[in-house]
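Read off the chains here:
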Amino acid sequence: MRVVFFGTPDFAVPTLEKLLSEPDFEVVGVVSQPDTRRGRGNQVTPPPVKAATIAKNPKLRIWQPDRLKKDQQVLEELVATNADVFVVVAYGQILSKKILNMPRYGCINVHGSLLPKYRGAAPIQWAIANGESITGITTMQMDAGIDTGAMLLKAELEILPEDNTDTLSTKLANLGADLLIDTLRRLDTIKPEPQDDALSCYSPMIGREDWQIDWSKESITLHNRIRAFYPNCYTDFRGQRLKITKSEVMQSADNLDNIGKVVEILKGKGFGLQTGKGLLLITEVQPAGKKLQSGWDFVNGARIAIGESLT
């Protein structure tokens with residue numbers, strides 16, 4: 001089976017590598033987003049999928065169009081690959097109907113949720129933020145909608161209490177690689193299952209406004225958001241931004257006059273803040289311009305006192 005692979009971030013790399021290692025499938029090309037400039041030196045950096053492709057097979061054709069559906073040369077070259085299927089994993093551009101209809105088996109997407117729940121750009125983050133205990137991978141036949149195509153196979157995965165977006169993404173990426181191979185091998189026998197739109201929910205892109213901590217919210221809500229939007233959730237501390245990267249929910253009597261204030265210090269662990277309901281123990285932080293440190297080290301280094309405010 002001839003395959004063209006579409007993908008960009010780290011999440012897509014395990015599926016690409018799995019495809020390249022399988023003798024039953026011939027990857028005849030890779031489509032990824034353009035290189036970007038990153039870091040202090042403004043260095044041109046290839047997306048992870050491109051880097052992985054070069055590492056595994058430097059001779060493999062790679063396309064990086066700014067706007068795929070408008071790039072006639074790339075579209076013609078994709079047709080010329082005579083691919084049986086396009087595999088799409090977090091590519092980052094919407095595929096036109098013309099592209100969807102190019103291969104014999106169409107376009108197969110590996111999506112990081114149990115559809116029809118969490119359609120959209122950030123299914124892993126919003127599953128954690130909303131306190132889900134189970135998530136998974138769905139392979140689907142792509143159509144013109146956003147993650148609305150008929151479902152092919154699913155695989156479930158438990159969200160552990162200690163999981164954040166990084167750890168869960170790694171697990172789901174590996175699960176998705178295995179499920180995609182299983183899907184391709186069974187394409188002729190799988191009966192596609194239409195999605196029930198009434199059961200769907202959307203997971204929009206994460207914005208900077210999602211990162212700011214609102215201490216008036218319940219402690220479990222804040223804890224889940226810190227995990228979900230890792231490592232970017234922040235509050236203000238003494239006029240500077242302080243990232244909160246790990247936390248624990250504490251049960252205690254509430255004093256709503258102290259919302260956003262330090263009400264407890266636990267030796268060896270960190271400091272507890274009053275939220276709109278319950279206390280949140282801060283166990284890891286990243287002060288502005290510094291490296292990650294434990295909540296307890298931050299207490300000692302900053303000489304945090306009971307009653308101090310983080311807002």
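Look up a bit, the structure's there.
Everything in this summary refers to the structure shown in the same document.

The rules behind each value
Residues numbered from 1 in each chain as written. Predicted model: local features only at pLDDT ≥ 70, side-chain atom pairs only at ≥ 80, totals over all residues. Heavy atoms only, no water. Helix = DSSP H or I, 4+ residues; strand = E, 2+ residues; numbered from the N terminus. Buried < 20%, exposed > 50% of the residue type's maximum accessible area, 1.4 Å probe, protein only. Contact = heavy atoms within 4.5 Å. Areas by Shrake-Rupley, 256 points an atom, 1.4 Å probe, with all protein chains shown as cover. Lys, Arg positive; Asp, Glu negative; His and termini not counted. Charge placed at Lys NZ, Arg CZ, Asp CG, Glu CD. 1 Å grid on protein atoms, 1.4 Å probe; cavity = no way out; pocket = protein on both sides within 12 Å on 5 of 7 lines; lining within 4 Å. Points joined across faces, edges and corners; volume = space filled by probe spheres on them. Nonpolar A, V, L, I, M, F, W, Y, C, P; charged D, E, K, R; others polar. Axes fitted to C-alpha atoms, helices over the stretch in contact; angles between N-to-C directions. Parallel < 35°, antiparallel > 145°, perpendicular 65-115°, else oblique. Left-handed = near helix turned anticlockwise from the far one by under 90°. Phe/Tyr/Trp six-rings, centres within 6.5 Å; stacked < 30°, edge-to-face > 60°. Lys NZ or Arg CZ within 6 Å of the ring centre and 35° of its normal. Pairing = 2+ DSSP bridges.

This part takes up the overall build of the protein. Looking only at helices and strands, the protein features nine helices and 15 strands. Looking at the protein as a whole, 48% of its 311 residues qualify as buried. Within the protein, contacts between residues separated by at least 24 positions form 64% of all contacts whose residues are at least 6 apart in sequence. For the protein, the computed accessible surface area is about 15,500 Å², with 48% contributed by carbon and sulfur atoms. In the protein, the 37 positive side-chain charges and the 37 negative ones have mean positions that sit 5 Å from each other.

By the definition in use, this model includes one cavity of 30 Å³ or more. Volume-wise, the largest cavity comes out at about 30 Å³. Along the walls of the largest cavity sit D210, Q212, I213, D214, L222, R225, I226 and C233, which together make up its complete lining. Grouping the amino acids of the lining of the largest cavity by side-chain chemistry returns four nonpolar, one polar and three charged.

To continue, consider unusual backbone geometry. Here the amide bond leading from L115 into P116 is cis, since omega sits at 10 degrees, within 30 degrees of zero. Tracing the sequence through the fold places P116 in the loop between β7 (107–111) and α5 (123–129). Here the residue pair Y230 and P231 is connected by a cis peptide bond, since its omega of 0 degrees sits within 30 degrees of zero. Within the secondary structure, P231 sits in the loop between α8 (219–228) and β10 (234–237). Its identity as a non-glycine residue notwithstanding, Y118 has a phi of 60 degrees, on the positive side. Along the polypeptide, Y118 turns up in the loop between β7 and α5. A positive phi is found at D147, a non-glycine position, where the angle reads about 60 degrees. Structurally, D147 is set in the loop between β8 (134–141) and β9 (151–158).

Here we take up the packing of helix α1 (residues 13–21) against helix α2 (residues 48–56). Put simply, α1 and α2 touch, their axes get as near as 9 Å, and they point 25 degrees apart. As the angle between them shows, α1 and α2 are arranged roughly parallel. Like other packed secondary-structure pairs, α1 and α2 cross with a definite hand, here right-handed. On α2, the residues touching V13, L16, E17 and L20 of α1 are P48, V49, A52, T53 and K56.

Turning our attention to α8. Of all 10 residues making up α8, eight are buried, and the element is well covered by its neighbours. In this structure, the buried side of α8 is in contact with α5, α6 (165–185), α7 (208–211), β11 (240–250) and β14 (279–287).

Let us look at the packing of aromatic side chains. Evaluated as defined, the whole model comprises five aromatic pairs. Ring geometry for W126 against F229: centres 5.4 Å apart, planes inclined by 75 degrees, an arrangement best described as edge-to-face. Here F229 lies in the loop between α8 and β10 and W126 lies in helix α5, a separation of 103 residues in the sequence. According to the relative accessible area criterion, W126 is buried, its value standing at 13%. On the basis of relative accessibility, which here comes to 2%, the residue F229 falls in the buried class. Aromatic ring contacts, followed pair by pair, group F6, F86 and Y91 into a single cluster. Across the ring face of Y234, the terminal group of R241 is positioned such that the distance to the ring centre comes to 3.7 Å.

A word on the side chain of T8. Structurally, T8 is set in the loop between β1 (2–7) and α1. Classification of T8 as buried rests on a relative accessible area of 13%. Other than its neighbours up to four places away in sequence, T8 contacts S32, Q33, P47, P48, V49, V89, A90 and Y91.

Let us look at the pairing of β7. Taken residue by residue, a regular strand's side chains alternate between the two faces of the sheet. Here β7 lies mainly inside the structure; five of its five residues are buried. With burial as the criterion, each face of β7 is covered, one bearing C107, N109 and H111 and the other bearing I108 and V110. With three bridges connecting them, strand β6 (residues 85–89) and β7 associate as parallel partners. In the sheet register, F86 faces β7, and the bridge partner there is C107.

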